Amino acid sequence: MVINSLLLVVVAVSLKNLNRNRIFNTNILFFIISLSILSTIFPLEFDYTITIPSKTVMPRIQDIFIADIFQIKEFEVKGYMIIFAIWIVGSLVKLTILIKQSLRLHSFVKLFSKKSMKTNINGRTINILYLPVVDSPSVIGLINPTIIIPDINLSKEEFNFILSHEVLHISNFDLIIKYFYEFIMIVYWWNPLGYIFKDKMDQILEIRVDEGVLEKNNTNEDKIKYVETLLNVSKQLQTNDEAALTSYFAVSGNKDLLLDRSKNILNYNKRKSNNKFIKFIFAPLLLLGFLILSSIVFEPYSLPPEEEGTEILSFDPKTSYIIKDGESYLFYINGSLALNKDKKETKQLLKSEQFKDMKIYNKGEKKLSSKQDDGKSVNKQTDSVVNNKTSSSTEFFVKNDDKYDYYKKGQFCNSYNEKDFEVIKRSATFKHVKVYDKLPD
């Protein structure tokens, strides 16, 4: 949502100043909208992703999700359960409305289908239907698209402009884009940014088609007549809103959109769209942009969980390190094994201030020893641990009820539960260490 908010600002400002913008055109803005859609559908975190801890907002949201709201007998109802239930109900309501609207549109077209006429445009058969009750010239239908023309006074030139406009919507697959975005909004109906982006996307699609029409009608007279056609249709029909599953030529209720489109049409020569951008480099750039957007994510800040019986609040960084043993990461605190974590848990721990500077060594890799003032190596214990050599006579485990206490040189170091002990005991470092039922003499 943070990243999409920034993208929305770029799109909104660029659209408002598109007629005098030298950097952004409709294809680039369409690319930004597509990037936002992609990051919304796939909010992924990769191995290269840098996480930024949120210490205020996200922990509060997380607390709401895991909070106990009420209890039904022995079943605890938590915040995320209620939120998820509301989410599902809202999505079902949204889906029902979309299906009803689609069925109503198609039944409406089918009812008057006998009045339709067919025309061949660019080798494709297009249905044209004249209806007295529609709000604006529009396109309906994905598989067999139908151009609907309202029963209003139109000159032959105005009709040709409208027909060219709607045919371009079909060629650009704009209805598929609109359907696709509507299904996204079924899932993210609660996100206000989605509705703003949808409005901006509709505006980009209309301006992009306007520019397509002007590629073949680019004289000053053509541009003026095209703007007059927009205004004439808008004035006669007085439509107030745009339906979700159609493409409208003019929406008179949105005066700002009509004004922006008129400015862009009249200033079209100053910035022609580069269609090669879409045809050749759109997909690679979209993937690259998605990977870049996925490189930074925000996560709720939390301290690493404390292991029962293990003191890890302070340690010497010279004798504390991590050994990568296959899929396991062994945390050695002050030379003694303290934690055994998988890759995901290790990544989470290394985000904290406590563990962020700990070095990771591969199994069998010799760790450089620290030096005393006389320059001699004194960290022989650390070297032997890293090289999987232990002295079983000075190290042992003592079974203490359901726990296993680890002793080194006769001194208690750590206590492990049975599950962790089984993992530790199978490692090459500890498989030869003896286990006693009681503390030996």
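Residues numbered from 1 in each chain as written. Predicted model: local features only at pLDDT ≥ 70, side-chain atom pairs only at ≥ 80, totals over all residues. Heavy atoms only, no water.

Peer 1: Can you tell me about the overall build of the protein chain, naming the residues and giving the values?
Peer 2: Check the secondary structure of the protein chain and you find 14 helices and 17 strands. Looking at the protein chain as a whole, 43% of its 441 residues qualify as buried. Long-range contacts, defined here as pairs at least 24 residues apart, represent 62% of the contacts in the protein chain between residues at least 6 apart. (Helix = DSSP H or I, 4+ residues; strand = E, 2+ residues; numbered from the N terminus. Buried < 20%, exposed > 50% of the residue type's maximum accessible area, 1.4 Å probe, protein only. Contact = heavy atoms within 4.5 Å.)

Peer 1: Give a detailed account of the pattern of salt bridges, specifying residues and quantitative values.
Peer 2: Per the stated rule, a full pass over the model turns up nine salt bridges. Here lysine 198 makes a salt bridge to glutamate 182, at a shortest N to O gap of 3.4 Å. Here lysine 198, found in helix H7 (residues 192–214), pairs with glutamate 182, found in helix H6 (residues 174–187); they are 16 residues apart in sequence, far enough to count as distant. Here glutamate 182 falls in the buried class, since its relative accessible area comes to 5%. Close ionic contact of glutamate 206 with arginine 261 constitutes a salt bridge, the shortest N to O distance being 3.8 Å. One end of the pair, glutamate 206, is in helix H7; the other, arginine 261, is in helix H9 (residues 255–266), and 55 residues separate them in sequence. A single burial state applies to glutamate 206 and to arginine 261, both of which are buried. One network of salt bridges, in which partners are shared, links Lys178, Glu182, Lys198 and Asp202. (Salt bridge = Lys/Arg side-chain N within 4 Å of Asp/Glu carboxyl O.)

Peer 1: Account for the sheet that holds strand S14 (residues 395–400), naming residues and giving values.
Peer 2: As summarised here, the arrangement of the four strands in space is S16-S15-S14-S17, forming an open sheet in which the pairing is mixed. A strand with exactly one partner marks an edge of an open sheet, and here the two such strands are strand S16 (411–417) and strand S17 (434–436). Shown here is a sheet whose adjacent strand axes are inclined to one another by a mean of 30°, direction ignored. With six bridges joining them, S14 and strand S15 (residues 403–408) adopt antiparallel strand pairing. Counted as the bridge partner of phenylalanine 396 is tyrosine 407 from S15. (Pairing = 2+ DSSP bridges. Axes fitted to C-alpha atoms, helices over the stretch in contact; angles between N-to-C directions.)

Peer 1: Outline a nonpolar patch on the surface, listing residues and values.
Peer 2: A contiguous nonpolar patch, built from Val57, Ile61, Ile64, Phe65, Ile66, Tyr80 and Ile83 and spanning about 620 Å² of accessible area, is present on the exposed surface. If you list the elements that add at least two residues to the nonpolar patch, you get helix H3 (57–66) and helix H4 (79–111). (Patch = residues over 30% accessible without salt bridge, like charges linked within 9 Å, V, L, I, M, F, W, Y side chains within 5 Å. Areas by Shrake-Rupley, 256 points an atom, 1.4 Å probe, with all protein chains shown as cover.)

Peer 1: Describe the layout of surface pockets, with residues and values.
Peer 2: Roughly 1,300 Å³ of volume is contained in the largest pocket. As for the largest pocket, its lining consists of 31 residues, of which Met1, Pro43, Met58, Trp190 and Phe298 are closest to the centre. Counting only elements with at least two residues in the lining of the largest pocket, the list comes to helix H1 (2–16), helix H2 (26–41), H3, H4, helix H11 (282–293) and strand S9 (296–300). Counted by class, the lining of the largest pocket contains 22 nonpolar, seven polar and two charged residues. (1 Å grid on protein atoms, 1.4 Å probe; cavity = no way out; pocket = protein on both sides within 12 Å on 5 of 7 lines; lining within 4 Å. Points joined across faces, edges and corners; volume = space filled by probe spheres on them. Nonpolar A, V, L, I, M, F, W, Y, C, P; charged D, E, K, R; others polar.)

Peer 1: Outline the sheet that holds strand S13 (residues 360–362), supporting the account with residue identities and numerical values.
Peer 2: Spatially, four strands are ordered S12-S11-S10-S13 in an open sheet, and the strand pairing comes out mixed. A single partner strand is all that each edge strand has here, and the edge strands are strand S12 (336–341) and S13. Pairs of neighbouring strands in the sheet enclose a mean axial angle of 30°, with direction left out of account. Two elements, strand S10 (residues 321–325) and S13, share three bridges in a ladder whose sense is parallel. Bridging from a neighbouring strand, isoleucine 322 pairs with isoleucine 360 of S13.

Peer 1: Can you explain H7? Please cite residues and give values.
Peer 2: When the terminal C-alpha atoms of H7 are compared, their 34 Å separation across 23 residues agrees well with the 33 Å that a helix rising 1.5 Å per residue should span. The element H7 is extensively covered by neighbouring structure, given that 18 of its 23 residues are classed as buried. Capping of H7 at its N-terminal end is provided by asparagine 191; its side-chain oxygen lies 3.0 Å from the backbone amide nitrogen of leucine 193. (Expected span 1.5 Å × (residues − 1). Polar contact = N/O pair within 3.5 Å; in protein donor to acceptor, adjacent residues only side chain to side chain.)

Peer 1: I'd like to hear about a negative patch on the surface, residue by residue, with values.
Peer 2: Together, Asp401, Asp402, Glu418 and Glu422 give the surface a local cluster of negative charge. Summarising the element assignment, glutamate 422 is placed in helix H14 (residues 418–426). (Lys, Arg positive; Asp, Glu negative; His and termini not counted. Charge placed at Lys NZ, Arg CZ, Asp CG, Glu CD.)

Peer 1: Mind laying out the nonpolar core, listing which residues take part and the relevant values?
Peer 2: Leu15, Ile33, Tyr181 and Ile204 are the most contacted members of the largest nonpolar core, which has 26 residues in total. Contributing elements (two or more residues each) for this core: H1, H2, H6, H7 and H11. If you look at the next biggest cluster of nonpolar residues, it comprises 14 residues, including Ile323, Tyr361, Phe397 and Tyr404. (Core = buried A, V, L, I, M, F, W, Y, C linked by side-chain atoms within 4.5 Å.)

Peer 1: I'd like a description of empty space enclosed by the protein, backed by residues and values.
Peer 2: Scanning all chains against the criterion turns up four cavities of 30 Å³ or more. Of the voids in this model, the second largest cavity is the one considered here, and its volume is about 100 Å³. Lining the second largest cavity are Asn4, Ser36, Ile37, Thr40, Tyr181, Ile184, Met185, Tyr188, Asn191, Leu193, Gly194 and Phe197. Breaking the lining of the second largest cavity down by element, the ones donating at least two residues are H2, H6 and H7.

Peer 1: Residue-level account of unusual backbone geometry, with values.
Peer 2: Positive phi values are uncommon outside glycine, yet phenylalanine 173 reaches one of about 60°. Structurally, the position occupied by phenylalanine 173 is in the loop between helix H5 (156–171) and H6.

Peer 1: Describe the packing of H2 against H6, and please don't skip the residues or the numbers.
Peer 2: Contact pair H2 / H6: the axes reach a minimum separation of 11 Å and the direction vectors enclose 35°. The hand of the H2/H6 crossing is left-handed. Residues Phe30, Ile37, Thr40 and Ile41 of H2 pack against Ile177, Phe180, Tyr181 and Ile184 of H6. Split by residue class, the contact of H2 with H6 holds seven nonpolar, one polar and no charged. (Left-handed = near helix turned anticlockwise from the far one by under 90°.)

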